[in-house]
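Report on the structure
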Amino acid sequence: MLKTTSLAAALALALTMQAQAHAQSTTDPVQQPDGAAGLQGDSGLGTVSGVVTDAGRGGYLVGAEVRVAGQNTVAVTGSDGSFALHRVPAGRHELVISYVGRPDMRQSVDVEAGRSASADIAMGQAGAAATLDSVVVVGTMMPIAESEYAALQAQRASNALVSVVAADSIGRFPDQNIAASISRLPGMAVERDQGQERYVNLRGAPARWTTIAFDGINVISPDGRTARLDTVPSSIASQVVARKAVTAAMPGETLAGNIDIITRSPFDYEGLKVGGDVGIGYNDLGGGSQYNWGGFISNRFADDRWGFLLGASKYSRDMITDNFETDLEVADDDVQPGGDQRVWADAHQNKLYRLTRENESFSGRLEFRPSDDHSFFLSSIYTEFSDHEMRNAMEFVLEEGVGYADTTAGNTPDKGRLYGVELSSTLNINNTVQSIFTTTLGGDQNFDKWRSKWRLNYTEAKDESGPSFKSSWASPDDRSQRPTVDYDFTDPHNNGVTLWDTIVNPDGSYSTGDLKRSLDSSDYEFGRFGTERGLARTDAFSGKIDLFRDFELFGRPTELQMGFQYDQRTKENNETEVRVTRAALEAAGVALPTMAEFASNVPYKGSLPLGYNFRYHHEGKAWGLLNGLLSQGLGKTQDAVPMEEWYEVSESIVALYAMATTHFDWGNVVAGVRGEYTDNESSAMAEDDDGFSKVTVEESGVEFFPSVHANWNLNDDMKLRFSVNTGSARPDYTDLRPNFAINDEDGEIDGGNPFATPEKAVGFDVYYEWYMRPQGFLSAGIYYKDLSDVLFDVEVPAFGSDALNAPGFDRSQYTYFTLANGGSGHIQGLELAYSQKFGALAEAFDLPMWVGDFGVSANVTFNDSEATTPDGRKVDLPGASDVIYNTSVYYEAFGLSARLSWQYRSEWLDSIGDGDAVGDAYWDEVGRLDLSVRYAFNDNFEVYFDANNLLDEPGARWSGHRSRTTEYEAFGKRYMVGLRFNF
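Below is a summary of the structure that appears in this document. Keep in mind that this is a model prediction, so the values were computed, not measured. (Residues numbered from 1 in each chain as written. Predicted model: local features only at pLDDT ≥ 70, side-chain atom pairs only at ≥ 80, totals over all residues. Heavy atoms only, no water.)

**Some points on the overall build of the protein chain**
Definition in use: Secondary structure is summarised from DSSP: a helix means a run of H or I of at least four residues, a strand means a run of E of at least two, and numbering begins at the N terminus for each. We compute the radius of gyration over the C-alpha atoms and compare it with the globule rule, which gives 2.2 Å times the number of residues raised to the power 0.38. In this scheme, a residue with accessible area under 20% of its type's maximum is buried, one over 50% is exposed, and one in between is partly exposed, where area comes from a 1.4 Å probe on protein chains only. The criterion used for residue contact is that any of the two residues' heavy atoms lie within 4.5 Å. Working definition of accessibility: Shrake-Rupley area with a 1.4 Å probe, residue cover restricted to the visible protein chains. Only four residue types enter the charge count, namely Lys and Arg as positive and Asp and Glu as negative; His and the chain termini do not. Taken as the charge centre is NZ of Lys, CZ of Arg, CG of Asp or CD of Glu, depending on the residue.
Helix and strand counts for the protein chain stand at 9 helices and 52 strands. The globule rule puts the C-alpha radius of gyration for 983 residues at 30 Å, and the 31 Å found for the protein chain is close to it. Along the first, second and third principal axes, the C-alpha atoms of the protein chain reach 110 × 70 × 55 Å. In the protein chain, which comprises 983 residues, the proportion classed as buried is 55%. Once local pairs closer than 6 in sequence are excluded, the contacts in the protein chain between residues at least 24 apart make up 70%. For the protein chain, the exposed surface amounts to about 39300 Å²; the carbon and sulfur share of it is 53%. For the protein chain, the distance from the average site of its 81 positive side-chain charges to the average site of its 142 negative ones is 6 Å.

**With respect to the pairing of strand S25 (residues 484–488)**
What counts here: Here the rule is simple: two strands pair whenever DSSP picks up at least two bridges between them.
Counting buried positions over the 5 residues of S25 gives 4, a clear majority of the element. Here 4 bridges tie strand S21 (residues 415–418) to S25, and the two strands are oriented antiparallel to one another. By the bridge assignment for S25, Leu 418 is matched with Val 485. For S25 and strand S26 (residues 496–504), the ladder comprises 5 bridges, and the chain directions are antiparallel. Counted as the bridge partner of Val 485 is Leu 499 from S26.

**Concerning the pattern of salt bridges**
Keep this limit in mind: Take a side-chain nitrogen of Lys or Arg and a carboxyl oxygen of Asp or Glu: if they are within 4 Å of each other, that pair is a salt bridge.
The final tally for this structure, using the stated rule, is 57 salt bridges. Where Glu 651 meets Arg 225, a salt bridge forms, and the shortest distance between an N and an O atom there is 2.5 Å. Of this pair, Glu 651 sits in strand S31 (residues 647–664) while Arg 225 sits in the loop between strand S13 (217–219) and strand S14 (237–243); the two residues are 426 residues apart in sequence, bridging distant segments of the chain. Judged on exposure class, the residue Glu 651 and its partner Arg 225 are both buried.

**Describing the sheet that holds strand S6 (residues 105–111)**
In sheet architecture, strand pairing relies on hydrogen bonds along the backbone and comes in two forms, parallel and antiparallel. Condition: Axis lines are fitted to C-alpha atoms, over the contacting stretch for helices. Their N-to-C directions set the angle, which ranges from 0 to 180 degrees.
Strand order in this open sheet of 4 strands is S3-S2-S5-S6, and the pairing throughout is antiparallel. One side of each edge strand has no neighbouring strand; the edge strands of this open sheet are strand S3 (74–76) and S6. Mean inter-strand twist for the sheet, computed between neighbouring axes without regard to direction, equals 25°. As judged from the 3 bridges shared by strand S2 (residues 65–68) and S3, these two strands associate in the antiparallel manner. Along S3, the bridge assignment pairs Val 66 with Ala 75. Of the strands in this sheet, S2, S3 and strand S5 (91–98) touch helix H2 (residues 143–157), which is tilted by about 45° from S2.

**Thoughts on the sheet that holds strand S27 (residues 510–515)**
With antiparallel pairing, 4 strands are arranged side by side in an open sheet as S21-S25-S26-S27. Of all the strands in the sheet, the pair left with one neighbour each is S21 and S27. Across this sheet, the average inter-strand angle for adjacent strands is 35°, counted without regard to direction.

**Things to note about unusual backbone geometry**
With omega at 0°, the peptide bond leading from Gly 466 into Pro 467 counts as cis. If you trace the backbone, Pro 467 turns up in the loop between strand S23 (450–465) and strand S24 (470–474). If you check the backbone angles, Arg 203 has positive phi at about 50° while not being a glycine. Following the sequence through the fold, Arg 203 ends up in the loop between strand S11 (196–202) and strand S12 (210–214). Phi is positive for Asp 952, which is not a glycine, with a value near 55°. If you trace the backbone, Asp 952 turns up in the loop between strand S49 (941–948) and strand S50 (955–959). You can call Asp 952 partly exposed: its relative accessible area is 32%.

These values are about where atoms sit, not about what they do.
Here's what the structure looks like:
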């Protein structure tokens, strides 16, 4: 980190000196207005403040840039349209107001020394008169283009590299959660679970390297440091900002980037505001239903000094999935030449899910603004993701069949026949709830020369599981009571089996009998029942203060920003399990349960050709059967489970930073450094031959994160951005737990790694942005991150610590199976983006007017990554696709808005193999086609129709080669119609 600090500091000094020389040698001196005695000192200076509104549709314009002509300072309007320009020389000035998709506007203002001048501005749209001294008459902006302009304006006004989704833009796509909303931004790719967007890979980085924030406060997700975004519905956001380049004001744990969810404020609206929507839909695979409702109310009172906002939403979806999974190995049974290069399926199963997934959110915000210089707020947000899952898993243990991995019997890895195959089945009911509750008390204050922002936050993140119903079943030992299986894995999208009765011939050989059309209760014997509960809870307290002051550096206007932040986080995990075993029932003389006792008559809802019939299990009957056995005292609590699964990890972070933004006539330079002291204490129960004992490990350290960002305005419409930044990703809390399982006989330790160090990166970015007038955008950027200490799941030859030593046992040299830091690596790529409303093009090329009602938005990212594993292998980074692209074509006119969107990512590494012929595991390439149609009757009501996954794209995973599918899931198409209202 010292080399990184020196490099960034040198670059900061070089950029600053070059910028100063450029300003002095290649530009005309800034002309000072009368009465301004230069820019040294505070005498003769005043302030300009005001509000920028939309002259056509009403409401505030967020992110508009307000400049003083001839000066270098710029202000950006907040969510309430307000702005403030400080240290403006006394005299008459002309303000220049810029907003993407609108003509620049100008207004004169008189500034008196030591006083604040007011300038309220109503900004028109393209084609409107550009004067502010009279009433401006404008037309109605189309909602898709309007939301894109709002997002682009926020991006243009930022002093760091960001991509933005604005509120209406979230509504334009058929997206239910934040992960889906931002997945169409440049450089973004998502990882899905059961077809639903969950994690984000930002510019080729693993999902664990992206953090999540609400209104600038980083929060821990229920999954820990990995930002799980399907727990956050898009309805709570007014804007989502993907911050791709780290500044000193951001926590150092941000390595790839940060997803900042900006929530609504009552001061975003001019008075009473009510909005909502209700929708109902259909899933074509299985015929399940879905519905959505949400709304908010906002108002101000007490002379507009107080405001409140309340919101709520819920989305529910009943769905099923078609699934098969195939486990692969290099088989010891294959003794023929070349066996070490043949990959066999040792097991194949179908996991058939019936799911109900729900997202809920509740939010409230109370604000008090006693004056223009002071504001206070209290904000609370609760989001919840629940998953009710019923799963039938039917497994064929192929390696237990006669003829497995035997090429002399005519079998191949892709096709063959196995006699007397063992069957295994689990019929489960799972319930999980993941929730985030976050409350923030904060304030923004202006004290003459200083400004401050302070925040106090408490966040509770919970991952609750259970009560669950677990049952396991297996076929009899007698091979004649097991099926013969013909397996055919030649089709990667349909690994299938055909079942036959097994006949044992008098000579002990095997042959096939009748075709077996179904798997019945008689094919399985009871193994055990069980029920589990678990709770992983994270409590986080955060306090931060940011101070701002305007001054001059090298004769240039500069904003100094410095701050302090303290974070205290504790995560504790607890689990319990109760089992009803076969042995316990036999000892009590109780008849063993059968599958038939809780079978359902509901027919198979999927479309995957299984090769056999089966019966779903019935939820009510399953619980009735288990509870009846438990009431007889036949269940046994698993005493070891709470000990094995318990851990507690506490983390304290103290951070200080300083950052300066210096303005030049060509743009600005943002340079700063952040220092963080981190202390981690991890506790868990370690098991040895004498039982369990508590182990506590503590680690601490200091890191520095320098960064430099330069924003060069080539002209009014074009920018060049340069960035050098640093960041780290600390190991997740589950990885830091020291819950070791010790085997003294074999000399092995298995568990977490409290000694794992943070992954680190030095990033470089160069981006070109062209905000084309009147209605277009083009950007091109390259990025590079130099990585070190990348984490992998590994086998370490020696534990390397005496923390677990006991009398007579030196365990420091035991083999250690854990997570460990590897070597260096890199991520590099090219990012391109383009959007265009065709109105101006239609006019310029004399095309039919209806052509101007169309528009396009597209982006593509080409990515390359590599990291060194602890054993020296060079591999791709998990989650990194080589190609990601998104494109949307839209039409809007006469109240109709329609958008067709295509999203694609190439295959990406999921996990690292053992180095044998099986190879590494990859998720296959995937594309999604979505359609969104809206019709607005007026400004208050619109109807909408959304369609997801129109091409029924599945999710598939393979190992070594795309022909070797290890998992395949199909989810079907989804449709929803609804009504939105707005008053």
